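# Structural overview for review
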Amino acid sequence: MGGGQRGMGRRGGDSTAHCSTGTARRGRQIPTTTTTTTLQPPSSPSHPSAPFLSFSLPPSLPTIAASGRGMRAVGVLGLGALLAWLPPAHTDTFSALRSVRQARGNEGRLLRRLRAYLREESARLRRLSRFYEKVRALHQDPGASVDNPLSAFSLIKRLSSDWPSVVYSSEATENSRALHVGFQELQRELPGAEDLDGAARALMRLQDVYALSVKGMANGLFQPTSTDRPPLYSPGRRVSLSADDCFHVGKVAYDTGDFYHSIMWLEEAVSRFRLSYGSWNPEEERGSLEDALDYLAFSYFMAGNISHALTLSREFLHYDPSNQRVTTNVAKYEKLLATHGDRVGRPLQRPNVTQLQNRDAYEELCQGLGAQMAPEQPSHLGCSYETNGSPYLLLQPAKKETLRLQPYIVLYHDFVSDAEAETIKGLAGPWLQRSVVASGEKQQKVEYRISKSAWLKDTADPVVRALELRMAAITGLDLRPPYAEYLQVVNYGLGGHYEPHFDHATSRKSPLYRMKSGNRIATVMIYLSAVEAGGSTAFIYANFSVPVVKNAALFWWNLRRNGDGDGDTLHAGCPVLAGDKWVANKWIHEYGQEFRRPCSRDPRD
């Protein structure tokens, strides 16, 4: 079970947009509307219908996909198995930083293979170089005349034996084959095209939520577009993006009809390609200045800026004057400008792919990177040592910080130790799989939740059992099955987030009710790691956010005492800007808590 209900957090219930770039198809036609003018845009698997135009698509850039490999888990699976569970597979690398770290390890193995290949090839080339120098010296030696029978024999021997051995040597093939075999052994575990596109969408998500400058990101800076604000994150080592990196991000946006983002990223790609034009870089062989100009021109056209599309297309022809497709487009752009004029209108609006109603409030809370407290804090908000009447806490009371009374939200500091957190992460790590959410009666992967998760029984390890007892002590609730779900451990990925949602079910059709223990009455969320930036938990209607506090536990009630869902608990996991975010969730259900949290005399409470 992946967690909450979208409910009031967005329009259209559980609807969501799914984006996939894949490999663009050649020759796809887009219907004409008001004229027979035909333009030929760069390739894309899908384009929105465009006024005045129908399109013929050129070939796309190549992509490489990796297949997944599954394993079956035993013993540590939680109640999520009742709802949805698949064997872990080497897919969705971008959705958990643990998987990204594994990918880095695999690249290290490839690097060792490449080093062996270079060593063997260098030895082969040194032998070739010695052969070349030997033969060249003979040709330059006036005394090495073929009149000498020994020289003649040597010449014939070289041409009949040595040269064929050089030209048809299998050594190079064998060296290359060893490299290929090494790659194929790892290929099923390597990120594929879906991961690359997911990583590109993660960069655009960070750009949007934290209002980051594209140029700054490309230069390795996490600088907001507002110049009066300091960088949100300053890495110890700055990592810049190449022109081809920017091109790919722009193309992912282009392929989904998102010209707002494609223009910004392709502009940066064009700028960087122009700086390095004419210098070959093996890392940039998939994209080029011409490619970037091609996609950028059409993005501007779709944005209504025909004159700039024309300017970019003319620049393209400066580098590739024989390209008939772009030559035809230039003529059509000129005709459109002459007959219809430039259609520059209002600036492109950022698409709301997941139809999030509370987007502005959500992003403002995330950008705050911390809790926004009320101007006047009531005296009963503060810190205390709590035993909650439990003998379990007498010798080591819980360090409780009350953050809000409505909704009731508290933070327990130092709730787990470093060793306990590492044990829990280690137990869950091998079983992580892409997180899903409830959509009606089904579970599905969605763009608005990027993470991987696993479920742990309390029998998985004594540490998990001790944690269960501690949570029962601080909440005063019954956590025995089936009154609570097993512990869900979550690892967030690149730009990992969970947009505004409720933890409790908002529909009786929710899979939560299959447990026959009622709705989720309360949530305990434990931060198992620290992050360098981002990742806060934002409560949208309560208008405050809680930063990640390593080893602390956040607790809140999802339901009011009358059993209704508390709308003020709409919350979100802000995208992780930098760092490796792990959390553990414990969802406690209504049944079994009747005398532990009884109803109020006031039916509205």
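In this report, the structure presented in the accompanying data block is examined.

Conventions adopted
- Residues numbered from 1 in each chain as written.
- Predicted model: local features only at pLDDT ≥ 70, side-chain atom pairs only at ≥ 80, totals over all residues.
- Heavy atoms only, no water.
- Helix = DSSP H or I, 4+ residues; strand = E, 2+ residues; numbered from the N terminus.
- Buried < 20%, exposed > 50% of the residue type's maximum accessible area, 1.4 Å probe, protein only.
- Contact = heavy atoms within 4.5 Å.
- Areas by Shrake-Rupley, 256 points an atom, 1.4 Å probe, with all protein chains shown as cover.
- Expected span 1.5 Å × (residues − 1).
- Phe/Tyr/Trp six-rings, centres within 6.5 Å; stacked < 30°, edge-to-face > 60°.
- Salt bridge = Lys/Arg side-chain N within 4 Å of Asp/Glu carboxyl O.
- Core = buried A, V, L, I, M, F, W, Y, C linked by side-chain atoms within 4.5 Å.
- Pairing = 2+ DSSP bridges.
- Axes fitted to C-alpha atoms, helices over the stretch in contact; angles between N-to-C directions.

What follows deals with the overall build of the protein chain. A count of helices and strands for the protein chain gives 13 helices and 17 strands. In the protein chain, which comprises 605 residues, the share counted as buried stands at 48%. Restricting to contacts in the protein chain with at least 6 residues of sequence separation, those with at least 24 account for 73%. Of the accessible surface of the protein chain, which amounts to about 29000 Å², a share of 53% is contributed by carbon and sulfur atoms.

This part takes up helix H7 (residues 259-275). In this model, H7 (17 residues) spans 24 Å end to end at C-alpha, consistent with the 24 Å of a helix rising 1.5 Å per residue. Those residues of H7 lying buried are Phe259, His261, Ser262, Ile263, Trp265, Leu266, Glu268, Ala269, Val270, Arg272 and Phe273. Considering only its buried residues, H7 is in contact with helix H4 (193-209), helix H5 (214-218), helix H6 (243-255) and helix H8 (289-302).

Another point: the side chain of Glu468. Structurally, Glu468 can be placed in helix H13 (residues 462-475). Since its relative accessible area comes to 6%, Glu468 is described here as buried. The residues touching Glu468, leaving out its near neighbours within four places in the chain, are Asp458, Leu479, Leu487 and Lys586.

With that settled, the discussion passes to the packing of aromatic side chains. Evaluated as defined, the whole model comprises 13 aromatic pairs. Summarising the aromatic geometry, the rings of Tyr254 and Tyr295 are spaced 4.8 Å apart at their centres and angled 85 degrees between planes, so their arrangement reads as edge-to-face. With Tyr254 in helix H6 and Tyr295 in helix H8, this residue pair connects regions lying 41 residues apart in the sequence. Judged by its relative accessible area of 4%, Tyr295 is buried. With a centroid separation of 5.4 Å and an interplanar angle of 10 degrees, the aromatic rings of Phe539 and Phe544 are classed as stacked. Comparing Phe539 with Phe544, the two get one shared label, buried.

Summed over all chains, the structure comprises 25 salt bridges. Here Arg205 makes a salt bridge to Glu447, at a shortest N to O gap of 3.0 Å. Of this pair, Arg205 sits in helix H4 while Glu447 sits in the loop between strand S6 (442-444) and strand S7 (451-456); the two residues are 242 residues apart in sequence, bridging distant segments of the chain. Given the relative accessible area of 19%, Glu447 is considered buried. The closest approach of N and O atoms between Lys215 and Glu268, which form a salt bridge, is 3.0 Å. One end of the pair, Lys215, is in helix H5; the other, Glu268, is in helix H7, with 53 residues separating them in the sequence. What makes Lys215 partly exposed here is its relative accessible area of 44%.

A separate point is the nonpolar core. Formed by 60 residues in total, the largest nonpolar core has its most connected members in Tyr210, Leu212, Phe301, Tyr333, Tyr362 and Leu577. Take this core: its biggest share by element is ten residues, from H8.

Across the sheet, four strands lie side by side as S9-S15-S12-S13; this open sheet has antiparallel pairing. The sheet is open, and its two borders are formed by strand S9 (498-501) and strand S13 (544-546), each paired with just one other strand. Direction aside, neighbouring strands of the sheet carry axes that sit 15 degrees apart on average. Note that S9 and strand S15 (residues 571-573) share two bridges and pair antiparallel. Looking at the pairing, His501 lines up with His571 of S15.

Here the residue pair Gln406 and Pro407 is connected by a cis peptide bond, since its omega of -5 degrees sits within 30 degrees of zero. Locating Pro407 in the fold gives a position in the loop between strand S2 (398-405) and strand S3 (408-413). Pro481 connects to Pro482 through a cis peptide bond whose omega is 5 degrees. Among the structural elements, Pro482 can be located in the loop between H13 and strand S8 (487-492). The backbone of Asn388 shows a phi angle near 55 degrees, a positive value even though the residue is not glycine. For Asp414, which is not a glycine, the phi torsion comes out positive at approximately 50 degrees.

Here we come to the pairing of S2. Pairing geometry for strand S1 (residues 383-386) and S2, over four bridges, is antiparallel. Looking across to S2, one finds that Ser384 is bridged to Lys400. Judged from the six bridges that link them, S2 and S3 form a sheet pairing that is antiparallel. In the sheet register, Lys400 faces S3, and the bridge partner there is Tyr412. Once S2 ends, the chain turns through two residues before running back antiparallel as S3.

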